[in-house]
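Chain by chain, the residues:
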Amino acid sequence: MNILIIGGAGYIGSHVAREFLDRGHSVRVFDNLSSGLRLNLFPEAEFIHGDILDYTGLSRASAGGFDAVVHLAAFKAVGESMIKPEKYSVNNINGTINILNAAVEGGIKNIIFSSSAAVFGRPEYLPLDETHPTNPESYYGFTKLEIERFLGWYDKLLGIRFAALRYFNAAGYDVKGRIKGLESNPTNLIPVIMEAASGMRKEVEVFGNDYDTPDGTGVRDYVHVSDLAIAHAMALDYTSKNDKSITVNLGSETGISVLEIVEAARRITGKPIPATIVGRRAGDPGKLTATSKKARELLNWTAKYSDLDTLIKTSWDVYKNQQ
Ligand SMILES: NC(=O)c1ccc[n+]([C@@H]2O[C@H](COP(=O)([O-])OP(=O)(O)OC[C@H]3O[C@@H](n4cnc5c(N)ncnc54)[C@H](O)[C@@H]3O)[C@@H](O)[C@H]2O)c1
(Lines give C-alpha, C1' and ligand atoms only; values in the text may rest on other atoms or scores of the structure.)
Protein backbone atom coordinates (compact mmCIF):
# COMPACT_ATOMS: atom_id res chain seq x y z
CA MET A 1 0.00 0.00 0.00
CA ASN A 2 0.95 3.66 -0.35
CA ILE A 3 1.29 5.25 3.08
CA LEU A 4 1.73 8.91 4.00
CA ILE A 5 3.34 9.23 7.44
CA ILE A 6 2.93 12.70 8.92
CA GLY A 7 5.36 13.22 11.79
CA GLY A 8 7.38 10.29 10.46
CA ALA A 9 10.73 11.84 11.40
CA GLY A 10 9.84 11.79 15.10
CA TYR A 11 10.54 9.23 17.77
CA ILE A 12 7.47 7.02 17.25
CA GLY A 13 6.94 8.02 13.60
CA SER A 14 10.37 6.77 12.54
CA HIS A 15 9.62 3.36 14.08
CA VAL A 16 6.26 3.31 12.31
CA ALA A 17 7.91 4.20 8.99
CA ARG A 18 10.47 1.42 9.51
CA GLU A 19 7.69 -1.10 10.20
CA PHE A 20 5.70 -0.20 7.07
CA LEU A 21 8.87 -0.31 4.95
CA ASP A 22 9.77 -3.71 6.45
CA ARG A 23 6.33 -4.96 5.40
CA GLY A 24 6.97 -3.86 1.80
CA HIS A 25 4.75 -0.79 1.72
CA SER A 26 5.71 2.38 -0.06
CA VAL A 27 6.16 5.30 2.34
CA ARG A 28 6.24 9.10 2.07
CA VAL A 29 7.22 10.97 5.24
CA PHE A 30 5.92 14.51 5.75
CA ASP A 31 7.45 16.41 8.69
CA ASN A 32 8.49 19.96 9.57
CA LEU A 33 11.41 18.67 11.68
CA SER A 34 10.31 20.79 14.65
CA SER A 35 11.22 17.86 16.89
CA GLY A 36 11.81 15.20 14.22
CA LEU A 37 15.28 14.48 12.94
CA ARG A 38 16.85 13.83 9.53
CA LEU A 39 18.76 11.04 11.27
CA ASN A 40 15.40 9.26 11.67
CA LEU A 41 14.69 9.15 7.92
CA PHE A 42 15.28 6.11 5.72
CA PRO A 43 16.57 6.30 2.14
CA GLU A 44 13.79 3.94 0.93
CA ALA A 45 11.11 6.43 2.01
CA GLU A 46 10.45 9.68 0.22
CA PHE A 47 10.72 12.73 2.47
CA ILE A 48 8.83 16.00 2.17
CA HIS A 49 9.86 18.81 4.52
CA GLY A 50 6.56 20.55 5.17
CA ASP A 51 4.20 21.82 7.82
CA ILE A 52 0.64 20.62 8.44
CA LEU A 53 -0.35 24.25 9.04
CA ASP A 54 0.47 25.01 5.38
CA TYR A 55 -2.66 23.57 3.76
CA THR A 56 -1.47 24.05 0.19
CA GLY A 57 1.76 22.13 0.73
CA LEU A 58 -0.01 19.47 2.76
CA SER A 59 -2.71 18.89 0.16
CA ARG A 60 -0.05 18.64 -2.57
CA ALA A 61 1.82 16.06 -0.45
CA SER A 62 -1.42 14.12 0.17
CA ALA A 63 -2.30 13.78 -3.51
CA GLY A 64 -1.21 10.88 -5.67
CA GLY A 65 -3.20 7.91 -4.52
CA PHE A 66 -2.38 7.16 -0.88
CA ASP A 67 -4.25 4.30 0.78
CA ALA A 68 -3.65 5.64 4.26
CA VAL A 69 -2.31 8.51 6.28
CA VAL A 70 -0.65 7.89 9.63
CA HIS A 71 -0.94 11.06 11.70
CA LEU A 72 1.63 11.46 14.45
CA ALA A 73 2.38 15.18 14.15
CA ALA A 74 1.64 17.02 17.37
CA PHE A 75 3.09 18.85 20.32
CA LYS A 76 3.05 16.46 23.26
CA ALA A 77 4.37 18.17 26.41
CA VAL A 78 1.54 17.87 28.93
CA GLY A 79 2.92 20.57 31.27
CA GLU A 80 3.51 23.06 28.47
CA SER A 81 -0.02 22.50 27.14
CA MET A 82 -1.38 23.91 30.43
CA ILE A 83 0.69 27.08 30.08
CA LYS A 84 0.44 27.65 26.32
CA PRO A 85 -2.86 26.07 25.26
CA GLU A 86 -3.04 28.27 22.14
CA LYS A 87 0.11 26.59 20.78
CA TYR A 88 -1.58 23.20 21.19
CA SER A 89 -4.85 24.41 19.69
CA VAL A 90 -3.09 25.51 16.54
CA ASN A 91 -0.69 22.63 15.96
CA ASN A 92 -2.75 19.72 17.26
CA ILE A 93 -6.30 20.79 16.37
CA ASN A 94 -5.94 23.12 13.37
CA GLY A 95 -3.17 20.88 12.04
CA THR A 96 -5.40 17.82 12.29
CA ILE A 97 -8.32 19.53 10.57
CA ASN A 98 -5.94 20.31 7.71
CA ILE A 99 -4.83 16.67 7.58
CA LEU A 100 -8.44 15.44 7.56
CA ASN A 101 -9.43 17.84 4.79
CA ALA A 102 -6.33 17.05 2.72
CA ALA A 103 -7.12 13.34 3.13
CA VAL A 104 -10.68 13.89 1.91
CA GLU A 105 -9.42 15.98 -1.01
CA GLY A 106 -6.78 13.36 -1.89
CA GLY A 107 -9.28 10.49 -1.66
CA ILE A 108 -7.41 8.83 1.25
CA LYS A 109 -9.77 6.41 2.99
CA ASN A 110 -7.84 5.35 6.11
CA ILE A 111 -6.35 7.41 8.92
CA ILE A 112 -4.25 5.96 11.72
CA PHE A 113 -4.08 8.49 14.53
CA SER A 114 -1.71 8.77 17.52
CA SER A 115 -4.06 9.28 20.41
CA SER A 116 -3.05 8.98 24.03
CA ALA A 117 -3.97 7.58 27.43
CA ALA A 118 -4.14 11.27 28.40
CA VAL A 119 -7.75 11.29 27.07
CA PHE A 120 -8.87 9.41 30.19
CA GLY A 121 -7.77 11.71 33.01
CA ARG A 122 -7.97 10.52 36.61
CA PRO A 123 -8.73 6.79 36.66
CA GLU A 124 -12.05 5.70 38.16
CA TYR A 125 -10.97 2.05 37.94
CA LEU A 126 -7.99 0.08 36.68
CA PRO A 127 -6.91 -1.27 34.32
CA LEU A 128 -8.27 1.38 31.95
CA ASP A 129 -10.38 -0.03 29.14
CA GLU A 130 -11.73 1.86 26.13
CA THR A 131 -15.11 2.45 27.78
CA HIS A 132 -13.61 4.22 30.80
CA PRO A 133 -14.93 7.82 31.00
CA THR A 134 -12.80 10.39 29.18
CA ASN A 135 -12.12 13.50 31.26
CA PRO A 136 -8.67 14.74 30.28
CA GLU A 137 -6.75 16.55 33.01
CA SER A 138 -4.50 18.37 30.56
CA TYR A 139 -5.11 20.55 27.54
CA TYR A 140 -2.89 18.14 25.58
CA GLY A 141 -5.26 15.27 26.46
CA PHE A 142 -8.22 17.46 25.51
CA THR A 143 -6.73 18.04 22.02
CA LYS A 144 -6.38 14.27 21.53
CA LEU A 145 -9.98 13.64 22.62
CA GLU A 146 -11.34 16.38 20.37
CA ILE A 147 -9.43 14.90 17.44
CA GLU A 148 -10.99 11.51 18.16
CA ARG A 149 -14.38 13.25 17.93
CA PHE A 150 -13.52 14.90 14.60
CA LEU A 151 -12.48 11.49 13.32
CA GLY A 152 -15.85 10.07 14.38
CA TRP A 153 -17.70 12.74 12.38
CA TYR A 154 -15.50 12.35 9.30
CA ASP A 155 -16.21 8.62 9.46
CA LYS A 156 -19.96 9.18 9.71
CA LEU A 157 -20.24 11.96 7.13
CA LEU A 158 -17.46 11.24 4.67
CA GLY A 159 -16.69 7.54 4.99
CA ILE A 160 -13.13 8.00 6.30
CA ARG A 161 -12.14 4.98 8.38
CA PHE A 162 -9.83 5.62 11.29
CA ALA A 163 -7.91 3.85 14.01
CA ALA A 164 -7.41 5.98 17.13
CA LEU A 165 -4.52 4.34 18.95
CA ARG A 166 -4.39 5.39 22.58
CA TYR A 167 -0.74 4.85 23.42
CA PHE A 168 0.25 4.47 27.04
CA ASN A 169 3.89 5.37 27.85
CA ALA A 170 5.96 4.79 24.73
CA ALA A 171 9.56 3.75 25.41
CA GLY A 172 12.52 1.80 24.03
CA TYR A 173 14.17 1.89 20.60
CA ASP A 174 14.03 -0.29 17.49
CA VAL A 175 14.83 -3.85 18.60
CA LYS A 176 17.10 -4.21 15.54
CA GLY A 177 19.05 -1.05 16.40
CA ARG A 178 18.24 0.84 13.20
CA ILE A 179 16.94 4.05 14.81
CA LYS A 180 19.28 6.27 16.77
CA GLY A 181 17.75 9.74 16.97
CA LEU A 182 17.61 11.06 20.53
CA GLU A 183 14.66 13.12 21.69
CA SER A 184 15.66 16.64 22.66
CA ASN A 185 14.54 17.78 26.14
CA PRO A 186 12.68 14.56 26.89
CA THR A 187 10.13 14.61 29.68
CA ASN A 188 9.36 10.88 29.66
CA LEU A 189 10.98 8.85 32.42
CA ILE A 190 13.08 6.32 30.49
CA PRO A 191 14.92 8.84 28.27
CA VAL A 192 15.50 11.01 31.35
CA ILE A 193 17.03 8.00 33.13
CA MET A 194 19.14 7.24 30.05
CA GLU A 195 20.39 10.83 29.99
CA ALA A 196 21.42 10.48 33.63
CA ALA A 197 23.15 7.16 32.89
CA SER A 198 25.10 8.61 29.98
CA GLY A 199 26.13 11.78 31.84
CA MET A 200 23.90 14.12 29.82
CA ARG A 201 22.15 15.17 33.04
CA LYS A 202 23.16 14.97 36.69
CA GLU A 203 20.25 13.07 38.22
CA VAL A 204 16.73 11.80 37.90
CA GLU A 205 13.96 13.54 39.82
CA VAL A 206 11.36 11.15 41.23
CA PHE A 207 8.05 12.94 41.58
CA GLY A 208 6.65 11.60 44.87
CA ASN A 209 7.30 8.44 46.89
CA ASP A 210 4.16 8.54 49.01
CA TYR A 211 1.63 7.11 46.55
CA ASP A 212 -0.47 4.09 47.41
CA THR A 213 1.80 1.77 45.39
CA PRO A 214 4.16 -1.01 46.57
CA ASP A 215 7.26 1.25 46.74
CA GLY A 216 5.38 4.59 46.96
CA THR A 217 6.48 5.81 43.50
CA GLY A 218 4.21 6.25 40.47
CA VAL A 219 3.25 3.15 38.50
CA ARG A 220 2.74 3.39 34.74
CA ASP A 221 2.19 1.14 31.75
CA TYR A 222 5.20 1.25 29.38
CA VAL A 223 4.81 -0.01 25.84
CA HIS A 224 7.75 -0.62 23.53
CA VAL A 225 7.85 1.62 20.47
CA SER A 226 8.44 -1.41 18.20
CA ASP A 227 5.19 -2.90 19.57
CA LEU A 228 3.44 0.40 18.84
CA ALA A 229 4.83 0.43 15.30
CA ILE A 230 3.50 -3.09 14.66
CA ALA A 231 0.08 -2.02 15.98
CA HIS A 232 -0.12 0.71 13.30
CA ALA A 233 0.30 -1.85 10.54
CA MET A 234 -2.29 -4.14 12.16
CA ALA A 235 -4.68 -1.24 12.65
CA LEU A 236 -4.46 -0.35 8.97
CA ASP A 237 -5.16 -4.00 8.08
CA TYR A 238 -8.24 -3.76 10.28
CA THR A 239 -9.68 -0.50 8.95
CA SER A 240 -8.98 -1.32 5.31
CA LYS A 241 -10.20 -4.95 5.37
CA ASN A 242 -13.28 -4.40 7.54
CA ASP A 243 -14.16 -0.92 6.29
CA LYS A 244 -14.62 -0.02 9.95
CA SER A 245 -13.09 2.43 12.43
CA ILE A 246 -11.65 1.44 15.79
CA THR A 247 -10.42 3.07 19.00
CA VAL A 248 -8.03 0.98 21.07
CA ASN A 249 -5.69 1.18 24.03
CA LEU A 250 -2.11 0.14 23.41
CA GLY A 251 -0.35 -0.77 26.63
CA SER A 252 1.71 -3.65 27.96
CA GLU A 253 -0.91 -4.35 30.66
CA THR A 254 1.88 -4.30 33.25
CA GLY A 255 2.45 -1.59 35.84
CA ILE A 256 6.06 -0.64 36.54
CA SER A 257 7.10 1.82 39.23
CA VAL A 258 9.62 4.64 38.84
CA LEU A 259 12.01 2.98 41.29
CA GLU A 260 11.77 -0.38 39.52
CA ILE A 261 12.85 1.33 36.32
CA VAL A 262 15.71 3.17 38.00
CA GLU A 263 16.93 -0.09 39.60
CA ALA A 264 16.72 -2.00 36.30
CA ALA A 265 18.55 0.81 34.51
CA ARG A 266 21.34 0.75 37.12
CA ARG A 267 21.68 -3.02 36.66
CA ILE A 268 21.65 -2.95 32.86
CA THR A 269 23.85 0.13 32.33
CA GLY A 270 26.21 -0.46 35.25
CA LYS A 271 25.91 3.26 36.03
CA PRO A 272 25.01 4.73 39.44
CA ILE A 273 22.10 6.94 38.11
CA PRO A 274 21.52 9.32 41.06
CA ALA A 275 17.82 9.70 41.87
CA THR A 276 16.32 12.36 44.15
CA ILE A 277 12.82 12.23 45.53
CA VAL A 278 10.97 15.52 44.97
CA GLY A 279 7.32 16.45 45.51
CA ARG A 280 4.41 15.00 43.56
CA ARG A 281 3.50 16.70 40.28
CA ALA A 282 0.00 18.21 40.19
CA GLY A 283 -2.46 15.94 38.43
CA ASP A 284 -0.27 12.80 38.49
CA PRO A 285 -2.28 9.75 39.60
CA GLY A 286 -0.42 7.08 41.58
CA LYS A 287 -1.15 4.34 39.11
CA LEU A 288 -2.20 4.04 35.47
CA THR A 289 -2.40 0.76 33.63
CA ALA A 290 -4.18 -0.38 30.51
CA THR A 291 -6.03 -3.39 29.36
CA SER A 292 -5.28 -4.01 25.69
CA LYS A 293 -7.82 -6.81 25.41
CA LYS A 294 -9.62 -5.03 22.57
CA ALA A 295 -6.39 -4.66 20.53
CA ARG A 296 -5.59 -8.31 21.22
CA GLU A 297 -9.00 -9.50 20.09
CA LEU A 298 -9.68 -7.21 17.14
CA LEU A 299 -6.20 -6.47 15.81
CA ASN A 300 -4.50 -9.68 16.94
CA TRP A 301 -1.87 -7.45 18.57
CA THR A 302 0.15 -8.29 21.66
CA ALA A 303 3.02 -6.41 23.23
CA LYS A 304 6.03 -8.62 22.45
CA TYR A 305 8.89 -6.31 23.36
CA SER A 306 7.47 -4.35 26.28
CA ASP A 307 9.18 -6.18 29.16
CA LEU A 308 11.30 -3.93 31.41
CA ASP A 309 14.68 -5.31 30.32
CA THR A 310 13.97 -4.89 26.58
CA LEU A 311 12.70 -1.35 27.16
CA ILE A 312 15.91 -0.42 28.98
CA LYS A 313 18.40 -2.42 26.88
CA THR A 314 17.18 -1.06 23.53
CA SER A 315 17.26 2.48 24.96
CA TRP A 316 20.74 2.04 26.42
CA ASP A 317 22.02 0.71 23.07
CA VAL A 318 21.27 4.16 21.67
CA TYR A 319 22.22 6.32 24.66
CA LYS A 320 25.48 4.59 25.60
CA ASN A 321 27.13 6.08 22.51
CA GLN A 322 26.47 9.56 23.92
CA GLN A 323 28.94 9.16 26.78
N1 LIG B 1 5.78 9.47 23.25
C2 LIG B 1 4.70 9.04 23.92
O3 LIG B 1 4.81 8.40 24.98
C4 LIG B 1 3.31 9.30 23.37
C5 LIG B 1 2.21 8.82 24.11
C6 LIG B 1 0.93 9.03 23.60
C7 LIG B 1 0.76 9.69 22.40
N8 LIG B 1 1.85 10.15 21.72
C9 LIG B 1 1.62 10.86 20.45
O10 LIG B 1 2.36 10.21 19.43
C11 LIG B 1 2.76 11.15 18.44
C12 LIG B 1 4.24 11.02 18.19
O13 LIG B 1 4.93 11.27 19.39
P14 LIG B 1 6.51 11.20 19.52
O15 LIG B 1 6.81 10.77 20.90
O16 LIG B 1 7.08 10.44 18.38
O17 LIG B 1 6.87 12.76 19.39
P18 LIG B 1 7.84 13.51 18.38
O19 LIG B 1 7.86 14.95 18.83
O20 LIG B 1 9.15 12.81 18.30
O21 LIG B 1 7.08 13.37 16.98
C22 LIG B 1 6.21 14.33 16.44
C23 LIG B 1 6.65 14.58 15.01
O24 LIG B 1 5.73 15.46 14.38
C25 LIG B 1 6.44 16.50 13.73
N26 LIG B 1 5.58 17.69 13.72
C27 LIG B 1 5.09 18.37 14.80
N28 LIG B 1 4.36 19.43 14.39
C29 LIG B 1 4.37 19.39 13.03
C30 LIG B 1 3.80 20.23 12.03
N31 LIG B 1 3.12 21.34 12.35
N32 LIG B 1 3.99 19.91 10.73
C33 LIG B 1 4.72 18.81 10.39
N34 LIG B 1 5.30 17.99 11.30
C35 LIG B 1 5.13 18.29 12.61
C36 LIG B 1 7.72 16.68 14.55
O37 LIG B 1 8.77 17.29 13.83
C38 LIG B 1 8.03 15.24 14.93
O39 LIG B 1 8.80 14.61 13.92
C40 LIG B 1 2.31 12.52 18.95
O41 LIG B 1 1.08 12.83 18.32
C42 LIG B 1 2.10 12.30 20.43
O43 LIG B 1 1.13 13.17 20.94
C44 LIG B 1 3.12 9.98 22.18
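Attention here is on the structure that accompanies the text. Position numbers for residues start from 1 in each chain and track the written sequence from start to end. Two thresholds apply to this predicted model, a pLDDT of at least 70 for residue-level local features and 80 or more for giving and counting side-chain atom pairs, whereas whole-chain, interface and lining totals are computed over all residues. Only heavy atoms go into the side-chain values, all of them from the structure, while hydrogens and water stay out.

## Considering the pairing of strand β2 (residues 26–31)
And step 1. Each residue is assigned to one of three classes by its accessible area relative to the maximum for its type, calculated with a 1.4 Å probe on protein chains only: buried under 20%, partly exposed between the two thresholds, exposed over 50%. Note on conventions: DSSP H or I runs of at least 4 residues are helices, E runs of at least 2 residues are strands, and numbering of each starts at the N terminus. Within β2, 5 of the 6 residues are buried, leaving the element largely enclosed by the surrounding structure.
And step 2. Strands were regarded as paired on the criterion that DSSP finds at least two bridges between them. Looking at chain direction, strand β1 (residues 2–6) and β2 are connected through 5 bridges and run parallel. By the bridge assignment for β2, Ile6 is matched with Phe30.
And step 3. Read as a crossover between parallel neighbours, the route from β1 over helix α1 (residues 11–22) to β2 is right-handed.
And step 4. Sheet topology places β2 next to strand β3 (residues 46–49); 4 bridges connect them, and they run parallel. The crossover handedness rule: strands pointing away from the viewer, path from first strand over the helix to second strand clockwise, crossover right-handed.

## Points about the nonpolar core
And step 1. With 64 residues, the main nonpolar core has Ile5, Ile12, Phe20, Ile193, Leu250, Ile261 and Ile312 as its most contacted residues.
And step 2. For this core, the element with the highest residue contribution is helix α7 (residues 225–242), accounting for 9 residues.
And step 3. Between two residues, a contact is recorded if the distance between any of their heavy atoms is within 4.5 Å. Once residues lying within four places of it in the same chain are set aside, the contact partners of Phe20 are Ile3, Ile5, His25, Val27, Val70, His232, Ala233 and Leu236.
And step 4. Among the nonpolar cores identified, the runner-up in size contains 22 residues, and Ala61, Tyr154, Ile160 and Ala164 belong to it. To form a nonpolar core, buried Ala, Val, Leu, Ile, Met, Phe, Trp, Tyr and Cys residues must be joined to one another through side-chain atoms within 4.5 Å.

## Here's the deal with the site of the ligand
And step 1. Not every one of the 28 residues close to the ligand is listed here, only the nearest: Asp31, Ser35, Lys76, Asn91 and Tyr140.
And step 2. Whenever a nitrogen or oxygen atom comes within 3.5 Å of another N or O atom, the pair is scored as a polar contact, on the condition that within protein one atom can donate a hydrogen and the other can accept it, and that pairs from neighbouring residues in sequence are kept only if both atoms are in side chains. Ala170 is positioned with one of its backbone polar atoms (N or O) 3.1 Å from an oxygen atom of the ligand.
And step 3. Residue burial considers only the protein chains on display, and all accessible areas are found by Shrake-Rupley using a 1.4 Å probe. In isolation the ligand has 820 Å² of accessible area, and contact with the protein removes 96% of it.
And step 4. Those elements that provide at least two residues to the shell around the ligand are α1, β5 (110–116) and α5 (139–158).
And step 5. Element by element, the count of residues in the shell around the ligand is highest for β5, at 3 residues.
And step 6. The residue inventory of the shell around the ligand, partitioned by class, reads 12 nonpolar, 12 polar and 4 charged. Throughout, near means a residue has at least one heavy atom within 4 Å of the molecule or strand. Each residue gets one of three labels, nonpolar for Ala, Val, Leu, Ile, Met, Phe, Trp, Tyr, Cys and Pro, charged for Asp, Glu, Lys and Arg, and polar for the others, Gly among them.

These figures capture arrangement, not role.
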